[in-house]
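Here is how the chains run, residue by residue.
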Amino acid sequence: MENNYFNTFSKEDLITKLKDIRNMGWIKTSRTGNAGNAGNTLEDLLGIQENNLPIPNAAEWELKTQRENTTSLATLFHIEPSPRALKFVPCVFLQLYGWKHKKAGESYPAGEMSFRQTIHGLKHSDRGFIVKIDRINEKVTISFDHTKVDIRHSKWLNNVKEKVGLDELCPQPYWGFDDLSSKARTKLLNCFFVQAKSKIQNGVEYVSYTTIKMLKLFSFEKFLNLIENGNILVDFDARTGHNHGTKFRIRQNHLPFLYNEFTDI
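Residues numbered from 1 in each chain as written. Predicted model: local features only at pLDDT ≥ 70, side-chain atom pairs only at ≥ 80, totals over all residues. Heavy atoms only, no water.

What follows covers the pattern of salt bridges. Across all of its chains, the model carries ten salt bridges by this definition. Asp150 is paired through a salt bridge with Arg152; the nearest N and O atoms lie 3.1 Å apart. Of the charged contacts in the structure, one is a salt bridge between Asp235 and Arg249, with a shortest N-O distance of 3.4 Å. Of this pair, Asp235 sits in strand E11 (residues 232–239) while Arg249 is found in strand E13 (residues 247–250), placing the two residues 14 residues apart along the sequence. A relative accessible area of 8% places Asp235 in the buried class. One connected set of salt bridges, linked through shared partners, spans Asp126, Asp150 and Arg152. (Salt bridge = Lys/Arg side-chain N within 4 Å of Asp/Glu carboxyl O. Helix = DSSP H or I, 4+ residues; strand = E, 2+ residues; numbered from the N terminus. Buried < 20%, exposed > 50% of the residue type's maximum accessible area, 1.4 Å probe, protein only.)

So, in structure tokens, the structure goes:
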């Protein structure tokens, strides 16, 4: 079997390969039962691993793939909030602000707790959480306002009141601009963004890669703006048995707006 792990190609070669793949039309996905089939199949066709494009003598490039007309969010990167010594998500959010997992007593133990929130800067979530941009102190923070909690969660709010009170989070979890910018630039400095149509035929998924964009010069200020207007979200996903990690995610079609230059191929 050919080992593609060490394959390298120039940016021009990559563009040619992507055009050739686009011209193939409908392609049977190379993996099954995976929400990332479109991206996995494109990686296999290119002979690469984990979205990293082996383009020598150039700035780092990533490959991002997304289905057309999906409401799913695309993950940009994982990064836990500070102060990291507190292990904020499993030790504070889950313990003090968590709620009973919907599968507690079934798939998980009876006492399994959950803290799953996908929040942004445009409005508070139904449990009162919001992302705030503190440009003076150069932080992205998570804030809590008990007056914004939906009445459906009144019992949960009473539990929070008994455990820790209803004041603002103290300390507030945050990401410093320097840390967050460094992480974002590492993952997003330059990017090929490919969109795909998908269909199921005789129980088999096929994809067709339709749109290719070359994105250059990531802008951290644009990143912050997209958080504020609700198009980049912070995704917490923890339960008693496992913290799935804190992710920054973006709505469909908004990835190009993170860059100062983007070109349709």
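The rest of the description comes next.
Considering the arrangement of structural elements, one finds Gln195 in strand E9 (residues 191–201). What makes Gln195 buried here is its relative accessible area of 7%. Polar side-chain contacts of Gln195 include one of 2.6 Å to the side chain of Asn253. (Polar contact = N/O pair within 3.5 Å; in protein donor to acceptor, adjacent residues only side chain to side chain.)

Before going further, it helps to spend a moment on the nonpolar core. One recurring pattern in soluble globular proteins: nonpolar side chains tend to sit buried together. With 46 residues, the main nonpolar core has Phe93, Phe129, Phe223, Phe248 and Leu258 as its most contacted residues. Examining the composition of this core, we find that six residues originate from one element, helix H3 (residues 88–97), more than from any other. Ile21, Leu46, Ile48 and Ile212 belong to the second-largest nonpolar core, a separate cluster that totals 18 residues. (Core = buried A, V, L, I, M, F, W, Y, C linked by side-chain atoms within 4.5 Å.)

Everything listed is a geometric property; what it means functionally is a separate question.
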